[in-house]
Structure formats: structure tokens, C-alpha cells
Amino acid sequence: AMYRAKAQGKNSYVYYDADMHAAGMERLKLEGDLRKAIARDELVLHYQPQVDTVTGDIVGVEALLRWQHPEHGLVPPFKFISLAEEIGLIADLGNWTLREACRQLVELQEQGHMLAKMAVNVSPLQFNDDFIHEVSEVLYDTGIRPSSLVLEMTEGIAMDNTQDVIRGLKNLKALGVSLSIDDFGTGYSSLSYLSRFPLDDLKIDRSFVIDFDKSEADASLVTAIIAMGKSMNLQLVAEGVETKAQYDFLTRNGASVIQGYLFSKPLPIDELRELLKPGYFTQQINELSGQGLRALKTDTR
Ligand code: C2E
Ligand code: MG
Ligand code: MG
């Protein structure tokens, strides 16, 4: 009942009932399982390509966590990340992910694959001095080039004392890693804070990309975000791109890197290797941009 009440926000109450008992037991079981997931080697990373729309090359991949549960199968992150945050397990999961993703990138590069960047998600609850220490250890232990690591953070980090956050981000930058702001536009952070953060990339959230052609408000929001990112000298990554129409709109407005099902879903490492072959997306990009050009021509007629 307490968790239910908390989920409803502050100053709320919920009476305990029998249904809650079942849900509570299930949650307790999941919680116990999650605590053992690392030791039991049940965590898996899938990787989603980020494609440069000019060259057709994969410029980076994002590591996305999955949990291979013995009974429930492959569990997606939305089912366990917030649970991990609630029970104080997110630092352990996050550290495992960081280390594994960096190790994997170094291995791919050693095997001769051309892959410049690995992006790793960081929970706002993970972001503290211990984390910065962990990043520097992982850089050292895995031997990854610091400039190859991109840390993706949501606007949630801006909820804390801004001075502390800026100091932490600067310490991370001093290690040589890149910083990316994820799900941009969905949080509540003020632009004046964000402009003071030492950021490199800006990821435009999928929710704006989905509806741009149905809603003029979303379309103008996307163009505004792109313009803002450019004026702040940030590299723009558009995520959740599924259709040609979305691709055309985004590239026409200056988003240079695209991540989405249009190119690939997040893949297990063995399947990713196939896509890392040089020129894998070149033909698709050529076809797409040919259509983009035709669309532009008809627009201006
Ligand atoms: P995110 O960081 O914004 O990751 C992008 C999500 O959008 C991924 O979902 C990806 O599979 C999905 N996506 C990408 N392109 C498309 C598309 O074209 N269409 C659709 N429908 N979806 C697309 P996923 O893997 O389920 O991850 C969801 C969220 O879980 C992530 O959002 C991130 O916030 C969180 N997450 C994943 N791994 C980690 C992790 O290691 N640590 C932390 N703290 N959070 C993680
Ligand atoms: Mg992300
Ligand atoms: Mg995102």
C-alpha cells in the first residue's frame, strides 16, 4: 500500500487489500530475483546503431540493458529499472552495464570493427561521486579510449542542486568522456540550467518524432530543439525514427545522426557485428536521401 501511495505522488494514502497481497508477493519475488541477477549472470546488453545520415556509417551504438529471467524470459528495462532505483540496486546494475559495454567496445575494436562510440545510460540516482570514481576505474581497467564513451543522462539529474551537478559533470568531462542529454524535451529542466551543463550530444525524444506529421506543435518543437542544439554546438541524435517521413523531416531540418527501428532494433552483440561491416547502410541511406531530395524539390515547386 505504501508503494502504491508513493506512486500516486506526495500526500496520498492507499488502503491495503487482498489484490495488493498478490501484487506485493510478486514484486517481492522480482525484487529478490533482481538482487541475484548480476551474480547469476542474467543481465544482457543489446546494442542499437546510431547512423550518420551523410556517410551511412554507424558512428556509435547505445547499450540497452535486458534481464534474461529464468521464468519470465527477456525482461525489458521499463519493467525493472525503476524497481532497481527504488530498492537501491541501480548503482550495481549501472556499474555492471558500464563495465560490460566498455569491455565489449574494446573487444569489437580489437577484432577490427570500425565503431567509434559506445553510449551508456546513467540513472539520475546513480550520478554521484562514487559514479565518477567508477567511470575512471572502468576507463583504466578496460582500456577504452575515454572519448569513445558517451554517458547518456536524462534531465532528471537537473533536479538536484545544480552547482553539485555541474561540478560532477565537469569532473566527468575531465576524464575525457562525452556527455549526452537523453529524452530531451520530456523533463522539467530549465534551459538556463541545461545551457550551463558541459554537454556534447542532445537526443531528441521519440515522443516528438512520432507525431511530427500529425501535430504542428510537435513539428515546430522538433525544429526548435534542433535549432537550439545547433546554437549550443551540440551533436544531435534523433531517436525512435521508424519511417521515411520521419527520416526526411529530421535530416531536412539538420539532425545528422539517426537511431531507430528504420535502421535497426537493439541487437545482441553477435547480430550487431554483421551490421558493422563497412557500408552496411550506404545503400539504404542513398535510397532514403534520393527520396528526401525529390520530396524537397516537390516542396519548393
Ligand atoms: P532510452 O535510453 O531513451 O533508449 C531508447 C529506447 O527507445 C530503447 O528502449 C529503444 O529500444 C527504443 N527505441 C529506439 N528506436 C526505436 C524505434 O524506432 N521505435 C520504438 N518503438 N522504440 C525505439 P529500451 O531498450 O526498452 O529502453 C528503454 C529505456 O530504459 C531507455 O530509454 C533507458 O531510459 C532505460 N534503460 C535501458 N538500459 C538502461 C541502463 O543500462 N541503465 C539505465 N539507467 N537505464 C536504462
Ligand atoms: Mg538512452
Ligand atoms: Mg531516450
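The residue numbering used here restarts from 1 in each chain and proceeds along that chain's sequence as written. Here the convention is simple: chains get letters from A, ligands get numbers from 1, in the order in which they are written. Given that the model is predicted, a residue must reach a pLDDT of at least 70 before its local features are reported, and side-chain atom pairs must reach 80 or more before they are shown or counted; all residues, however, enter totals for whole chains, interfaces and linings. Neither water nor hydrogens contribute to the side-chain values; these are computed over all heavy atoms in the structure.

Novice: Help me understand the coordination of the magnesium ion (ligand 2), please; the structure alone is not making it clear to me.
Specialist: Octahedral six-donor coordination of a metal ideally yields angles of 90 or 180 degrees, compared with 109.5 degrees for tetrahedral four-donor coordination. The magnesium ion (ligand 2) binds to the protein through Glu62 (OE), Asn121 (OD1), Glu152 (OE) and Asp182 (OD), with metal-donor distances spanning 2.0 to 2.2 Å. Between consecutive donors of the magnesium ion (ligand 2), the numbers of intervening residues give the motif E-x58-N-x30-E-x29-D. Donors, by definition, are the N, O and S atoms found within 2.8 Å of a metal, the threshold being 3.2 Å for Na, K and Ca, and water is not counted, so a site can look incomplete.

Novice: I would appreciate a short explanation of the packing of helix α4 (residues 90–110) against helix α5 (residues 129–142) in the present structure.
Specialist: Packed helices, taken two at a time, are described by their axes: the angle between them and the distance between them. Axis angles are defined between N-to-C directions and span 0 to 180 degrees, where every axis is a line fitted to C-alpha atoms and, for a helix, only to the segment in contact. Starting at the N terminus, helices and strands are each numbered in turn, a helix being any DSSP run of H or I of at least four residues and a strand any DSSP run of E of at least two. At a closest axis distance of 10 Å, the pairing of α4 and α5 adopts a crossing angle of 25 degrees. Considering the angle they form, α4 stands roughly parallel to α5. Here α4 runs over α5; the crossing is right-handed. Mapping the contact onto sequence places Asn95, Leu98, Arg99, Cys102, Arg103 and Val106 in α4 and Phe131, Glu134, Val135, Glu137, Val138, Asp141 and Thr142 in α5. Asp, Glu, Lys and Arg are counted as charged, while Ala, Val, Leu, Ile, Met, Phe, Trp, Tyr, Cys and Pro are counted as nonpolar; the rest, among them Gly, fall into the polar class. Taken together, the residues of the contact of α4 with α5 sort by class into 6 nonpolar, 2 polar and 5 charged. In these notes the angle categories are as follows: under 35 degrees is roughly parallel, over 145 is roughly antiparallel, 65 to 115 is roughly perpendicular, and the rest is oblique. Should the near helix be turned anticlockwise from the far one by less than a right angle, the crossing is left-handed, and should it be turned clockwise, the crossing is right-handed. Here a residue-residue contact requires only that any non-hydrogen atoms of the pair lie within 4.5 Å.

Novice: Would you explain the side chain of aspartate 52 in this entry?
Specialist: By the secondary structure assignment, aspartate 52 is in strand β1 (residues 43–52). Residue burial is assigned from relative accessible area. The probe radius is 1.4 Å, only protein chains are included, and a residue is buried under 20% of its type maximum, exposed over 50%, and partly exposed in between. In this count, Lys and Arg are taken as positive residues and Asp and Glu as negative ones, while His and the chain termini are left out. Within this document, salt bridges are pairs made up of a side-chain nitrogen of Lys or Arg and a carboxyl oxygen of Asp or Glu, the two lying within 4 Å of each other. Buried aspartate 52, no salt bridge; nearest opposite-charge side chain is lysine 117, N-O distance 11 Å. With residues near it in sequence (within four places) discarded, aspartate 52 still touches Asp57, Val59, Ser256 and Ile285.

Novice: What is the right way to look at the pairing of strand β2 (residues 58–69) in this model?
Specialist: Put simply, side chains in a regular strand alternate between the two faces of the sheet. Counting buried positions along β2 yields 10 of 12 residues, so the element is predominantly enclosed. Pairing between strands is defined by DSSP: at least two bridges between them are needed. Both β1 and β2 contribute to a ladder of 9 bridges, which runs antiparallel. Across the sheet, histidine 46 pairs through a bridge with leucine 64, a residue of β2. Hairpin connection of β1 to β2: 5 residues between the antiparallel strands, including glycine 56 at a positive phi of 80 degrees. With 4 bridges joining them, β2 and strand β4 (residues 117–122) adopt parallel strand pairing.

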